[in-house]
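Chain by chain, the residues:
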Amino acid sequence: MTNGEVALLGIRHHGPGSARAVAAALAQWRPDAVLIEGPAEADAVVHLAAEKDLVPPVALLAHAVDDPAKAAFWPYAEFSPEWVAIRHAVDHDLPVRFIDLPAGYGFAPFTDADADADADDADDHAADGAGPDELPTDPLALLAEAAGHDDPERWWEDVVEHRAPGADALAPFAAVAEAMGALRAEGLGESRRDQLREAHMRQQIRAARRAGHRRIAVVCGAFHVPALETMPTVAHDRALLAGLPKKVRVDITWIPWTHRRLSQATGYGAGVQSPGWYHHLFTAVGDPVPRWLTRAAELLRAEDHPVSSAHVIEAVRLAETLAVLRGRPLAGLTETLDAVRAVLCEGSDVALELVRERLVVGDALGEVPDAAPAVPLQRDLARLQRSLRLKPAAAPRDLDLDLRKDTDAARSRLLHRLRLLGVEWGVPARSSVNSTGTFRESWRLCWQPEFAVRIAEAAQWGTTVEEAAVNKAVGTARAAVELAELTGLVETCLLAGLSGALPAVMRVLADCAALDTDVAHLAGALPALVRALRYGDVRGTERGALAGAAAGLAERVCVGLPPACVGLDAESAAAMRARIDEVHGAIALLDPAASGTDTDTGTDTGGLAERWAAALRSLARREPTAGPATGAPGLLRGRAVRLLLDDGRLDSEEAGRRLRLVLSVANSPADAAGWVEGFLTGGGALLLHDPRLLALLDEWLGGVSGEVFTDVLPLLRRTFAGLEAGVRTTIGGRVAAGPLGAAPAAPEAVGELDPDRADAAVPVLAVLLGVGPKIPRQRAGRNT
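A quick note: this is a predicted structure, and the numbers were derived from the prediction, not measured. (Residues numbered from 1 in each chain as written. Predicted model: local features only at pLDDT ≥ 70, side-chain atom pairs only at ≥ 80, totals over all residues. Heavy atoms only, no water.)

Undergrad: For the sheet that holds strand 5 (residues 71-76), give the residues involved together with the corresponding values.
TA: The strands making up a sheet associate through backbone hydrogen bonding, with each pair oriented either parallel or antiparallel. Ordered in space as 5-4-8, the 3 strands form an open sheet in which the pairing is antiparallel. Strand pairing shows two members of the sheet lacking a second neighbour, strand 5 and strand 8 (250-256), which therefore form its edges. Going from strand to strand, the sheet's axes swing by 20 degrees on average, the running direction of each strand aside. In terms of strand pairing, strand 4 (residues 58-64) meets strand 8 through 7 bridges, oriented antiparallel. Bridge pairing in strand 8 links H63 to D251. Against the sheet, helix 19 (residues 451-458) makes contact with strand 4, strand 5 and strand 8, and its axis sits at roughly 30 degrees relative to strand 4, the strand it touches most. (Pairing = 2+ DSSP bridges. Helix = DSSP H or I, 4+ residues; strand = E, 2+ residues; numbered from the N terminus. Axes fitted to C-alpha atoms, helices over the stretch in contact; angles between N-to-C directions. Contact = heavy atoms within 4.5 Å.)

Given below as structure tokens:
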């Protein structure tokens, strides 16, 4: 509504109908200044809206200079009324100002008990001024109920979003202001913080008047309009604002935003459920429903769903019919999706979910010009993204890298460095290429707007991505308390190519490893170091110090493993078994041939595999003599025997003897069941190759008493459930067939070989084996 020189345009944030109404009102009112609800610091960057490279969805990002983790966003889409007002002002060369409380106040806790404004809730700060739909009692729900509607969202769409501007563009705003005035007269939803914000807005309106502006347009949340219509005294507002805390220093800029981050599902307080749909409503020319259903059909056809133009026609008819039956002026999202499900998707909710994800929500990502303020780290990242041709995108995509190529290796280093800095732009994924070589990496890339905050936080570590990652790695190493954390950090440094951080991290690692006497910690740390050694050939990293540290850890694990396994409970034994498996694989990589010396690094491994085998033999012999606490659990002893058997350091005869001993009546059934679990974990095919082992196990199971069998059954079920399906089936068949232990029966003798028939098959076999000439297409007889 108008009040002399001021037009108060009360809007709902991110509403396409409100955006169209604002555009019409500004065109009719023709203001000489535009004031917008938003952080006052944004005045410094609003001029960038005139840049063609500032493409919504975008957001204002404000963060505390001394604590970048304290940050807040003010997102704008193309259909946001505030963005429409900003564009009108810059297109007509009008002054535009943001009149809400400065963000610097929001990052300092209010001392007033009624001002619940702790800026640690950074995301919630973006919802400040987000309109009446986010208040404790929803005014829209009350208005809809008064109008006889049970769905406030549908009511608002019918009366506002689907309404075309009339002859008097200001009339809708007068009606909204009257409704909000009636609600506020009842004291609904007004908080201390709202009072402070509205006092500041009134002060800015007075300042615009003093500056000589005669036709001022104010675009703000509809809930605030009644408080701005009747101006109290200047002294009243000054008294209110006197209670503000000390303002924190703030930096503000524009950042790219996404439609998905605008949706309520992401937790943004002033979000909307269907930003993609709202964007279509705002930008579509003419009837939006047929155009949107056409886009849905194109999407489904691209995903191999059989959708024709006839489907689209019928879907349009159905949506319009549903709107008439439900008394709506225009088919809304509910009617349109009902038509999509029934006609285009043929009742499939799976196909409908695809439409929801791609069209109702969408993955649109905005753009920001290079002129926007940014910390040096952000500028260096943007430079690297351009040089490496890695453009940020909101939609997830897979990236396969060949580390033998310079560009792919540089991309890998960048993604690993960003992960170290807390920017999870890329997440390691399973390769789509059938390769297990260390020269390949696969990533799943997905850019999120909040990464801008994390980059601002990481700026404390350096001005470039490499410098920041090096300093962050060194700082993390000095603060680390777990050995496994340090070895993982070493691996990350090698993957990220941070040679500048490795010496400092290795010194901390050496000190921590020297002081750590826990074999479980040592065993958990070794695999990461050994994995890192594998990257040297492809990445060209120095491995000498790393190989020495890995060999030292391996030696200490070999010495300390057997006594460390004594007296463990079931949970600790399971954890130790996993570590033993990892160490076994690591030592196989560290000393694959037990040659005594690593030819790449010159490190003396001196039969490390032999010492590991000796440790496993010692572990396998640590049987309990006077109770479970006096020996190693059966799970670990059985695992040690299996690893020795798989490596050829123990023959099947000895393995069978050990199994026979552990299954004897002298041992407890629970310990025997654990031994079997450790022995069979990782593959049960050996029971098929050696029927004697299967016979021993079957005989033991048959002799277990009923009471004890109930106790060991969970262990046995877990053991056999982990075997391959084919192995389980074959074992079951053999047990059901009869007595076990005998060698498999020889195949029945066949009749005497027919030389003529055999000779006829020779040419075909030769072709199949690739050792003979091709068979001619025409053959005269059977014996070709």
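Next comes the rest of the write-up.
Undergrad: I'd love a proper account of the sheet that holds strand 9 (residues 397-402), names of residues and values included.
TA: In space, the 3 strands of this open sheet follow the order 9-11-10, with antiparallel pairing throughout. Of all the strands in the sheet, the pair left with one neighbour each is strand 9 and strand 10 (426-428). Across this sheet, the average inter-strand angle for adjacent strands is 35 degrees, counted without regard to direction. Pairing analysis gives 3 bridges linking strand 10 to strand 11 (residues 440-445), with the strands arranged antiparallel.

Undergrad: Report on the environment of L352, specifying residues and quantitative values.
TA: Summarising the element assignment, L352 is placed in helix 16 (residues 349-361). When the C-alpha positions of L352 and R341 are compared, they lie 5.8 Å apart, and in sequence the two are 11 residues distant.

Undergrad: Describe in detail the packing of helix 1 (residues 16-29) against helix 2 (residues 81-91), supporting the description with residues and values.
TA: How two helices sit against one another is set out by the angle between their axes and by the gap between those axes. Viewed as axis vectors pointing N to C, helix 1 and helix 2 meet at an angle of 30 degrees, and their least axial separation amounts to 8 Å. By the angle between their directions, the pair helix 1 and helix 2 is classed as roughly parallel. At the point where helix 1 passes helix 2, the crossing takes the right-handed sense. Residue-level inspection shows S18, A19, V22, A23, L26 and A27 of helix 1 in contact with helix 2, the latter providing P81, V84, A85 and H88. Residue composition of the contact of helix 1 with helix 2, by class: 8 nonpolar, 2 polar and no charged. (Parallel < 35°, antiparallel > 145°, perpendicular 65-115°, else oblique. Left-handed = near helix turned anticlockwise from the far one by under 90°. Nonpolar A, V, L, I, M, F, W, Y, C, P; charged D, E, K, R; others polar.)

Undergrad: Pulling in residues and values, what's your account of the pattern of salt bridges?
TA: Overall, the coordinates contain 33 salt bridges when judged by the stated rule. When the shortest N-O distance is used, the salt bridge between D363 and R260 registers 2.8 Å. You can see D363 sitting in the loop between helix 16 and helix 17 (376-387) and its partner R260 sitting in helix 11 (residues 259-262), a full 103 residues away along the chain. Salt-bridge contacts for R261 lead to E450; the nearest nitrogen and oxygen are separated by 3.4 Å. With R261 in helix 11 and E450 in the loop between strand 11 and helix 19, this pair connects stretches of sequence that are 189 residues apart. Sharing partners across several salt bridges, the network here consists of R326, R328, E335, D338, R341 and D349. (Salt bridge = Lys/Arg side-chain N within 4 Å of Asp/Glu carboxyl O.)

Undergrad: How would you sum up the packing of aromatic side chains? Please name residues and give values.
TA: The full count for this structure, using the stated rule, is 8 aromatic pairs. With 5.3 Å between their ring centres and 85 degrees between their planes, W277 and W292 make a pair best called edge-to-face. With W277 in helix 12 (residues 275-283) and W292 in helix 13 (residues 288-302), this pair connects stretches of sequence that are 15 residues apart. W277 sits in the buried class, given a relative accessible area of 0%. On the numbers, 5.1 Å between centres and 25 degrees between planes, the contact of W675 with F679 is stacked. Of the two residues, W675 and F679 both sit in helix 30 (residues 669-680), 4 residues apart, roughly one turn of that helix. Given the relative accessible area of 3%, W675 is considered buried. These aromatic residues form a ring-pair network of at least three members: Y76, W83 and W254. Its end group placed over the ring of F223, R184 keeps NZ or CZ at 4.4 Å from the ring centre. (Phe/Tyr/Trp six-rings, centres within 6.5 Å; stacked < 30°, edge-to-face > 60°. Buried < 20%, exposed > 50% of the residue type's maximum accessible area, 1.4 Å probe, protein only. Lys NZ or Arg CZ within 6 Å of the ring centre and 35° of its normal.)

Geometry only, nothing functional implied.
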